[in-house]
Amino acid sequence: KGPTFDAKATLRANVRHGGVPFEMRWKKRRLKPRFAILCDVSTSMRPVVDFLLRLMYEMQDQVGKARSFAFIDHIEEVTGEFTEARPEVAVPIVLYRLPSGHYNTDLGGSLEQFVKEFSDAVDRRTTVLICGDGRNNYNNPRLDLIEFLRRRARRVVWFNPEAVDEWGTGDSDMLQYVPAVDVVHQ
């Protein structure tokens with residue numbers, strides 16, 4: 001769609017002509033960005049998860065539409081917690097809902113559940129932000145689902161707090177995810 005006629009701006013611009021429009025004004029339709037934010041709240045992420053959840057809270061407040069999700073071995077939408085409470089209240093609620101355990105992260109399974117239950121959160125205007133270390137406890141990383149999200153979304157951005165030299169060690173699937181997303185920030 002092209003620009004639309006902006007009556008207010010046209011009248012304001014033509015006050016000097018007695019309100020008779022000599023100079024037409026047009027407004028461009030700007031589509032507000034959308035975000036789908038997926039945050040790993042597992043044991044390995046607990047040292048930074050408070051920061052990431054607060055980041056989710058702040059982003060949700062700044063853009064046209066943001067939906068927030070937290071996962072360990074399954075994914076849950078936590079948008080409501082952030083719209084109903086300040087971060088100092090919302091973050092503990094989210095962490096209580098998703099208690100950490102040792103070696104129970106299943107990123108691939110969480111991605112599968114996300115695509116099945118929450119794929120309406122992603123369209124061509126959506127930037128998908130994944131906050132996590134890419135550690136998957138040797139489960140299927142479901143790269144096909146990352147590719148699906150990448151084709152459906154505007155972009156897929158990954159924030160990983162781990163040092164780059166630890167990616168791909170042990171149960172880390174991060175080196176497999178790197179080429180499947182648009183950009184990764186450590």
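Data block above holds the structure.
About the thresholds
Residues numbered from 1 in each chain as written. Predicted model: local features only at pLDDT ≥ 70, side-chain atom pairs only at ≥ 80, totals over all residues. Heavy atoms only, no water. Phe/Tyr/Trp six-rings, centres within 6.5 Å; stacked < 30°, edge-to-face > 60°. Helix = DSSP H or I, 4+ residues; strand = E, 2+ residues; numbered from the N terminus. Buried < 20%, exposed > 50% of the residue type's maximum accessible area, 1.4 Å probe, protein only. Pairing = 2+ DSSP bridges. Axes fitted to C-alpha atoms, helices over the stretch in contact; angles between N-to-C directions. Salt bridge = Lys/Arg side-chain N within 4 Å of Asp/Glu carboxyl O.

### Section: the packing of aromatic side chains
Thought 1: Tallying each qualifying case throughout the model produces 5 aromatic pairs.
Thought 2: For the ring pair F114 and F118, a centre distance of 6.3 Å and an interplane angle of 35° mean the geometry is tilted. Taken together, the residues span about one helical turn, with F114 and F118 both in helix α5 (residues 107-118) at a distance of 4 residues.
Thought 3: Given a relative accessible area of 0%, F114 falls into the buried group.
Thought 4: Relative accessible area serves as the criterion here: at 12%, F118 is assigned to the buried category.

### What about the pairing of strand β4 (residues 65-71)?
Thought 1: Judged by how many residues are buried, β4 sits mostly within the fold: 6 of 7 residues are covered.
Thought 2: Bridging between strand β3 (residues 34-40) and β4 involves 7 bridges; their strand directions are parallel. Within the sheet, the bridge partner assigned to I37 lies in β4 and is S68.
Thought 3: Pairing between β4 and strand β5 (residues 75-77): 3 bridges, direction antiparallel. In the strand pairing of β5, F71 is matched with I75.
Thought 4: Here β4 hands over to β5 after 3 residues, the two strands then running antiparallel side by side.

### Re the sheet that holds strand β7 (residues 155-159)
Thought 1: Across the sheet, which stays open at both edges, the 6 strands sit in the order β5-β4-β3-β6-β7-β8 with mixed pairing between neighbours. Whereas interior strands pair on both sides, the edge strands pair on one side only; in this sheet they are β5 and β8 (183-185). Taken pair by pair, the neighbouring strands of this sheet meet at an average axis angle of 20°, ignoring direction.

### Structural notes on the pattern of salt bridges
Thought 1: Enumeration according to the criterion identifies 13 salt bridges in this entry.
Thought 2: The salt bridge partner of R142 is E112, with a shortest N-O separation of 3.3 Å. Residue R142 is found in the loop between β6 (126-131) and α6 (143-152), and its partner E112 is found in helix α5; the two are separated by 30 residues along the sequence.
Thought 3: Salt bridges sharing common partners tie together E112, K116, R142 and D144.

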